[in-house]
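Coordinates in review
Each chain, letter by letter, is given below.
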Amino acid sequence: MIEAEALVKRYGSKVAVDAIDFTVRPGQVTGFLGPNGAGKSTMMRMIVGLDRPTAGRVSVNGRLYHEHRAPLREVGVLLDAKAVNGGRSAYKHLLAIAATHRIGASRVREVIGLAGLESVAGKRVGGFSLGMSQRLGIATALLGDPATIILDEPVNGLDPEGVRWVRTLMRDLAAEGRTVLLSSHLMSEMAQTADRLIVIGRGRILADDSISSVISEATRSVTRVRTPDPERLMATIAGPDIVSSMLADGAIEITGLSAEQVAIAASAAGIVLYEVTSISGSLEDAYIALTAGEVEYRSSNSSGSGAHK
Amino acid sequence: MNALETPRAAAPAEHPPRFVDVLLSEFIKLGSLRSTVSLLLAIVVFGLAVSFILGVTAEGAGLPDGPSVGFMLDQVTIGTVLFGQLLAGVLGVLIISGEYSSGTIQSTLLAVSGRGTVLAAKAVVLFLTVTAAALVAMFGSWAVTYPLLAALGIEVGLTAPGVLSALIGGSVYIGLSAVLGSGIGALLRSVAAGVATVISIILLLPIVLSVLPASSLVRNFHLLSMSKAGDAMSSAPDDGGIFMDLADGYVSSSAGWLVAATWAGLFLLMGFLQLRRRDV
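Everything numeric in this text was worked out from a predicted model, so none of it was measured. (Residues numbered from 1 in each chain as written. Chains lettered and ligands numbered in written order. Predicted model: local features only at pLDDT ≥ 70, side-chain atom pairs only at ≥ 80, totals over all residues. Heavy atoms only, no water.)

Some details on the overall build of chain A
Check the secondary structure of chain A and you find 12 helices and 13 strands. Along the first, second and third principal axes, the C-alpha atoms of chain A reach 80 × 45 × 40 Å. Out of the 309 residues in chain A, the part that is buried amounts to 50%. Element-wise, carbon and sulfur atoms account for 50% of the exposed surface of chain A, whose accessible area totals about 13300 Å². Of note, chain A has its 33 positive side-chain charges centred 10 Å away from the centre of its 33 negative side-chain charges. (Helix = DSSP H or I, 4+ residues; strand = E, 2+ residues; numbered from the N terminus. Buried < 20%, exposed > 50% of the residue type's maximum accessible area, 1.4 Å probe, protein only. Areas by Shrake-Rupley, 256 points an atom, 1.4 Å probe, with all protein chains shown as cover. Lys, Arg positive; Asp, Glu negative; His and termini not counted. Charge placed at Lys NZ, Arg CZ, Asp CG, Glu CD.)

Description of the packing of helix α5 (residues 115–151) of chain B against helix α10 (residues 253–277) of chain B
Residue and element names in this part refer to chain B. Their axes nearest at 9 Å, the elements α5 and α10 cross at an angle of 145 degrees. You can see that α5 and α10 cross each other, and the crossing is right-handed. Contacts from Arg115, Gly116, Leu119 and Ala123 of α5 reach α10 at Leu268, Gly271, Phe272, Leu275 and Arg276. Its residues assigned to classes, the contact of α5 with α10 comprises 5 nonpolar, 2 polar and 2 charged. (Axes fitted to C-alpha atoms, helices over the stretch in contact; angles between N-to-C directions. Left-handed = near helix turned anticlockwise from the far one by under 90°. Contact = heavy atoms within 4.5 Å. Nonpolar A, V, L, I, M, F, W, Y, C, P; charged D, E, K, R; others polar.)

Some words on the side chain of Thr30(A)
Positionally, Thr30(A) belongs in strand β3 (residues 29–33). Excluding residues that lie within four positions of it along the chain, Thr30(A) makes contacts with Val24(A), Arg25(A), Val180(A), Leu181(A), Leu182(A), Arg196(A) and Ile198(A).

Regarding the interface of chain B and chain A
Each partner contributes residues to the interface: chain B has 41 residues there, and chain A has 49 residues. With both sides pooled, the region where chain B packs onto chain A buries about 4000 Å², and carbon together with sulfur makes up 53% of that total. At the junction of chain B and chain A, the tally comes to 1 salt bridge. The closest approach of N and O atoms between Arg102(A) and Asp21(B), which form a salt bridge, is 3.1 Å. Linking chain B with chain A are 10 residue pairs in polar contact (both at pLDDT 80 or more), by the criterion used here. (Buried area = accessible area lost by both parts, 1.4 Å probe. Salt bridge = Lys/Arg side-chain N within 4 Å of Asp/Glu carboxyl O. Polar contact = N/O pair within 3.5 Å; in protein donor to acceptor, adjacent residues only side chain to side chain.)

What about the nonpolar core?
Counting residues in each nonpolar core, the largest one holds 148 residues, and the members touching the most others are Phe22(A), Val48(A) and Leu180(B). Per-element accounting of this core gives the leading share, 13 residues, to helix α3 (residues 69–102) of chain B. Listed in part, the 9 residues of the second largest apolar core include Val225(A), Ile254(A), Val262(A) and Ala266(A). (Core = buried A, V, L, I, M, F, W, Y, C linked by side-chain atoms within 4.5 Å.)

Regarding helix α3 (residues 90–100) of chain A
Taken across its 11 residues, α3(A) has 9 buried, putting it largely inside the fold. Listed as buried for α3(A) are Ala90(A), His93(A), Leu94(A), Leu95(A), Ala96(A), Ile97(A), Ala98(A), Ala99(A) and Thr100(A). In this fold, the buried residues of α3(A) make contact with α2 (71–74), α4 (105–114) and α5 (130–142) of chain A together with α1 (19–31) and α4 (104–111) of chain B. Phi turns positive one or two residues past the end of α3(A), at Arg102(A), with a value near 50 degrees.

Points about the sheet that holds strand β2 (residues 14–24) of chain A
Residues and elements named next belong to chain A. In space, the 3 strands of this open sheet follow the order β2-β1-β4, with antiparallel pairing throughout. Every interior strand has two partners, whereas the edge strands, β2 and β4 (55–60), have only one. Sheet twist, expressed as the average angle between the axes of neighbouring strands with direction ignored, equals 20 degrees. In the packing of helix α1 (residues 40–47) onto the sheet, contacts are made with β1 (2–11), β2 and β4, and the angle to β2 comes to roughly 65 degrees. (Pairing = 2+ DSSP bridges.)

Considering the packing of helix α6 (residues 163–188) of chain B against helix α9 (residues 226–233) of chain B
Residue and element names in this part refer to chain B. It is at 8 Å that the axes of α6 and α9 come closest, and there the two elements cross at 160 degrees. The angle between α6 and α9 falls in the class roughly antiparallel. In the packing of α6 onto α9, the handedness of the crossing is right-handed. Contact residues: α6 offers Ser165, Ala166, Gly169, Gly170, Val172, Tyr173, Leu176, Ser177 and Leu180, while α9 offers Met226, Ser227, Gly230 and Met233. Of the residues in the contact of α6 with α9, the class split is 7 nonpolar, 6 polar and no charged. (Parallel < 35°, antiparallel > 145°, perpendicular 65-115°, else oblique.)

A look at the confidence of the model for chain A
For chain A, mean pLDDT is 88; residues scoring 70 or higher make up 94% of the total. In the model, residues 301–309 of chain A has pLDDT below 50 throughout and makes 2 contacts with residues more than four positions away in sequence or in other chains. (pLDDT = per-residue confidence, 0-100.)

Digging into a nonpolar patch on the surface
Residue and element names in this part refer to chain B. On the surface, Phe46, Leu82, Phe83, Ile199, Leu203, Leu204, Ile207, Val208, Val211, Leu212, Val218 and Phe221 cluster together into a nonpolar patch covering about 960 Å² of accessible area. Among the elements of the structure, α3 and α7 (191–210) are those that each provide at least two residues to the nonpolar patch. No other element matches the 5 residues that α7 contributes to the nonpolar patch. By the element assignment, Leu82 lies in helix α3. According to the relative accessible area criterion, Leu82 is partly exposed, its value standing at 41%. (Patch = residues over 30% accessible without salt bridge, like charges linked within 9 Å, V, L, I, M, F, W, Y side chains within 5 Å.)

Some words on the sheet that holds strand β11 (residues 243–246) of chain A
Residues and elements named next belong to chain A. As summarised here, the arrangement of the 4 strands in space is β11-β12-β10-β13, forming an open sheet in which the pairing is antiparallel. Edge positions in the sheet fall to β11 and β13 (275–279), since each of these pairs with one other strand and no more. If you compare each strand with its neighbour and ignore which way they point, the axes differ by 20 degrees on average. The pairing of strand β10 (residues 222–226) with strand β12 (residues 252–255) spans 4 bridges and is classified as antiparallel. By the bridge assignment for β12, Thr223 is matched with Ile254. Set on the sheet, helix α9 (residues 230–237) makes contact with β10, β11 and β12; between it and β11 the angle comes to about 170 degrees.

Section: the side chain of His68(A)
All names here are of chain A. Topologically, His68 is positioned in the loop between β4 and α2. Of the polar contacts made by the side chain of His68, one reaches the backbone oxygen of Val60; its length is 2.8 Å. Look past the residues within four positions of His68 in its chain and what remains in contact with it is Val60, Asn61, Arg63 and Glu74.

Some words on the environment of Ala247(B)
With respect to the element layout, Ala247(B) can be found in the loop between β1 (244–245) and β2 (250–251). Sequence-wise, Ala247(B) and Val198(B) are 49 residues apart; in three dimensions their C-alpha atoms are separated by 27 Å.

Take a look at the structure:
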């Protein structure tokens, strides 16, 4: 369980995290989602005490990170896979960390096996690909068999097999009752891995809910209809909160009415329909809708070309 | 692939880090990098090599009439201390600023969140390993020059008065130079800036102070520098009873211990304050 209360981080006049409250619960995978510079990493660094909050507090299992007597037993963390001295072997890197908590060499070999690094464990980390470094980072996070696991962009640089491995691992860890928090800007990955989403932008929480709620609240469901008599249909269904528009291909897009409601209205008015389709948003649509205006680094012409389909 | 071979049900035994655990961790780190191991070896190799060359060429150095503790110690300690202090200082810088440049400091502080504990463990491991390497260099230097001096009839044994204390003092000085370096490393966090600073403090500061256009008393402040303390520690102690006389330009070997320990301790303290104050 991770609990943040009124968490603030300021760098000079720049506010990276702006009075945030959230709770990450055990037994499920929670995803941190947000554009670059939204404050995801800063938030994770504050959870584990590497950055000090300007105000507010964030606790893990009821205590500040540094109050845990054996932190590796409580929290496993991967913040930056490349943050390992390239001159050291993977095995020695893990062994040095394990030594602080009297974790034996057998557990070190176990996590190496778990991460699929057996063949390279004796090699210097400097020669590792980003994917191998991610595996080493995940092995490091699991070293103390912690109840809470925090991973920042764990699938970055992983091959498809590795991505699937991380996904399964996260699901299994959550199923064992652990608290799993991971960040990503890969929407599809989040949609497949996380149960719950915390969407942040410019240091504020934009949404904090289950994946399906986030999608349904942030995107409009649209009903798409084709009829030989569009003008009459649009007049029939017209009302407050109902917007209908004619598309270039002759179809009508209606918001504010479900496919069933449109079909019933058309039937009552004796209008023939060729097609009635309910189109719901994707996580990506939800994300774009939520973070519109919150993106810190936007390519100048992307909004123009992306909005119209 | 299975998720976890050991399910959470088998709750792990809590082993909060004790200081010796952190020491072991730092020792594993020191011993698992080519750069740090090479610097430790270099302290031994340079010490032995320079002492050997000085010993071979001793005849040109103005030989004393008979066995002389001072002459022998010059042969044995000058090269060892000169190179040892710089190599040790650089190693000290590397041990901490290297963690910042590589990012390893994150894993270090995640495992042991007490920043003072981490720095203290690093300083202890550094001091012990560097002093051990320096002892090998010092006593090895004595051993390789012994037959060379014996051929000239001016050999001095380890039991001669002041010899042991000078060889040990010189080694401890090299160990303290490493601690000084680690303080600077924690303070500056950059390998390049740290190395430049440690070399300036050890090598340049005494030279600059001694050529200042000031009174001789002010110039004699160079006697309070790190490397002058090293000279004093690696010399046979006088039994004159004077601790230190700046006006007269004299620093006893016990005063040297105090001065060197103060330098190392001061920078370690500044490094600690910086480490505690800043985000990682």
